[in-house]
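Next come the chains, spelled out residue by residue.
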Amino acid sequence: MKIIPFTPSRLVPRGHLVAFLGLLTLCVTPARAADSPVIVPDKPIMLFNGKDLTGFYTWTAEFGRLDPNRVFTVVDQVDGAPAIRSSGQNYGGIITNERYANYRLLVEFRWGTITWGRRANRTLDSGILLHCQGEDGNSSPLFRGPWPSSVEFQIIEGGTGDVILVNGFIPGKSEKLVPKMTFTVQPGKTVWDPKGVPTEFNKGRIDWWGRDPGWKDELGFRGARDVEKPAGQWNALEAIVDGGNIVYFVNGVKVMEGTNGSYKDGRLLFQSEGAEIFFRKIELHPLKR
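Below or above, wherever it landed, is the structure these notes cover. (Residues numbered from 1 in each chain as written. Predicted model: local features only at pLDDT ≥ 70, side-chain atom pairs only at ≥ 80, totals over all residues. Heavy atoms only, no water.)

**Observations regarding the sheet that holds strand 21 (residues 267–272)**
Link 1 in the chain: Here 7 strands make up an open sheet; going across it, the order is 4-7-21-10-11-12-17 and the pairing antiparallel. A single partner strand is all that each edge strand has here, and the edge strands are strand 4 (56–60) and strand 17 (204–206). The mean inter-strand angle of the sheet, taken between neighbouring strand axes irrespective of direction, is 25 degrees.
Link 2 in the chain: Strand direction decides the pairing type here: strand 10 (residues 125–133) and strand 21, joined by 3 bridges, are antiparallel. Bridge pairing links Ile128 to Phe270 in strand 21. (Pairing = 2+ DSSP bridges. Helix = DSSP H or I, 4+ residues; strand = E, 2+ residues; numbered from the N terminus. Axes fitted to C-alpha atoms, helices over the stretch in contact; angles between N-to-C directions.)

**Examining the environment of Val163**
Link 1 in the chain: Mapping Val163 onto the fold places it in strand 12 (residues 163–166).
Link 2 in the chain: Residue classification places Val163 among the buried positions, given a relative accessible area of 0%.
Link 3 in the chain: Expressed as a C-alpha distance, the spacing of Val163 and Gly127, which sit 36 residues apart in the sequence, is 9.8 Å.
Link 4 in the chain: In this view, Val163 contacts Val151, Glu152, Phe183, Gly204, Arg205, Ile206, Ile246, Tyr248 and Met256; residues no more than four positions away in its chain are not counted. (Buried < 20%, exposed > 50% of the residue type's maximum accessible area, 1.4 Å probe, protein only. Contact = heavy atoms within 4.5 Å.)

**A look at the packing of aromatic side chains**
Link 1 in the chain: Inspection of every chain in the model, using the stated rule, returns 8 aromatic pairs.
Link 2 in the chain: Arranged with centres 6.4 Å apart and planes meeting at 40 degrees, the rings of Tyr91 and Trp147 form a pair that is tilted. A residue pair is termed long-range when its members are at least 10 positions apart, and Tyr91 in the loop between strand 6 (81–86) and strand 7 (92–96) and Trp147 in the loop between strand 10 and strand 11 (149–156) qualify at 56 residues. The burial state of Tyr91 is the same as that of Trp147; both residues are buried.
Link 3 in the chain: Here Phe109 and Trp111 contribute two aromatic rings whose centre-to-centre distance is 5.7 Å and whose plane-to-plane angle is 80 degrees, an arrangement assigned as edge-to-face. Across the pair, exposure class does not vary: Phe109 and Trp111 are buried alike. (Phe/Tyr/Trp six-rings, centres within 6.5 Å; stacked < 30°, edge-to-face > 60°.)

**Digging into the side chain of Ser149**
Link 1 in the chain: In this structure, Ser149 sits in strand 11.
Link 2 in the chain: For Ser149, a relative accessible area of 0% translates into the label buried.
Link 3 in the chain: Polar contacts involving the side chain of Ser149 include one to the main-chain carbonyl oxygen of Val166, which spans 2.8 Å.
Link 4 in the chain: In terms of polar contacts, Ser149 uses its side chain to reach the backbone carbonyl oxygen of Leu177, at 3.2 Å.
Link 5 in the chain: With residues up to four places along the chain from it excluded, the contact list for Ser149 reads His131, Cys132, Gln133, Asn138, Val166, Asn167, Gly168, Leu177, Val178, Pro179 and Tyr263. (Polar contact = N/O pair within 3.5 Å; in protein donor to acceptor, adjacent residues only side chain to side chain.)

**Comments concerning the nonpolar core**
Link 1 in the chain: Residues Leu105, Phe183, Tyr248 and Ile282 are the most contacted members of the largest nonpolar core, which totals 47 residues.
Link 2 in the chain: Look past the residues within four positions of Phe183 in its chain and what remains in contact with it is Val163, Leu165, Val197, Pro198, Thr199, Phe201, Ile206, Ile246, Met256, Glu257 and Gly258.
Link 3 in the chain: Within the second largest apolar cluster, 9 residues are counted, among which are Tyr57, Trp59, Tyr91 and Leu269. (Core = buried A, V, L, I, M, F, W, Y, C linked by side-chain atoms within 4.5 Å.)

Next comes the structure, spelled out in structure tokens:
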């Protein structure tokens, strides 16, 4: 597979690389207005153009907007089509430059074979963060972590289709960034059930309806009712985002629904989280009214 583009960092002495990257980030990172216009698609938008990462910027906790380890690249052929490769080596993601609202997100993904660090023998893990709010990496109060406050479409073996409500912080202020959303769940549990009890959540994970109660965080886990295909095969994801409401589909099966969300627009982030993953389709479509 041909990887494009690559800017070598070997000319920078190893002991000074992190400091250099931090300084360079300050010099080359363009300002992003927090109040930039929100885009509501009126025709299909190909967020991945099949050539490069135009329309995205990269962010990792270690290196900010630089990517010396080539975590995020475009490979020219994966099963006959160009794809975005997220290696999983550093925690972070590619993030859209623009904010979006009221759309159908269509994504195709498949797992690679490489895992890293503390997740080397754990379930393959990634995700898509919707409605990203505030500064990059604001999910940690002590240091700039890999995620902004958001609503996650979880991609993980056995749990693809879960929701995670990611809290965040406003630097220098006491206010938190807290997404709220209502889900119908099984009594006393955090498992989505269309006939369940309406409950408002402001943090944590809500499991998709078929998540195996015996789920284990181990490489290759498969649940009895999983609709995600085995690792190495392509999967189709769809998220219908309508104001504060969301509906998730995995391979055409409805797996999650939330309503009355406090977040209604924002950037999108595609994660690197310890496992190699490929995305060959990332599209936004208008809602059907």
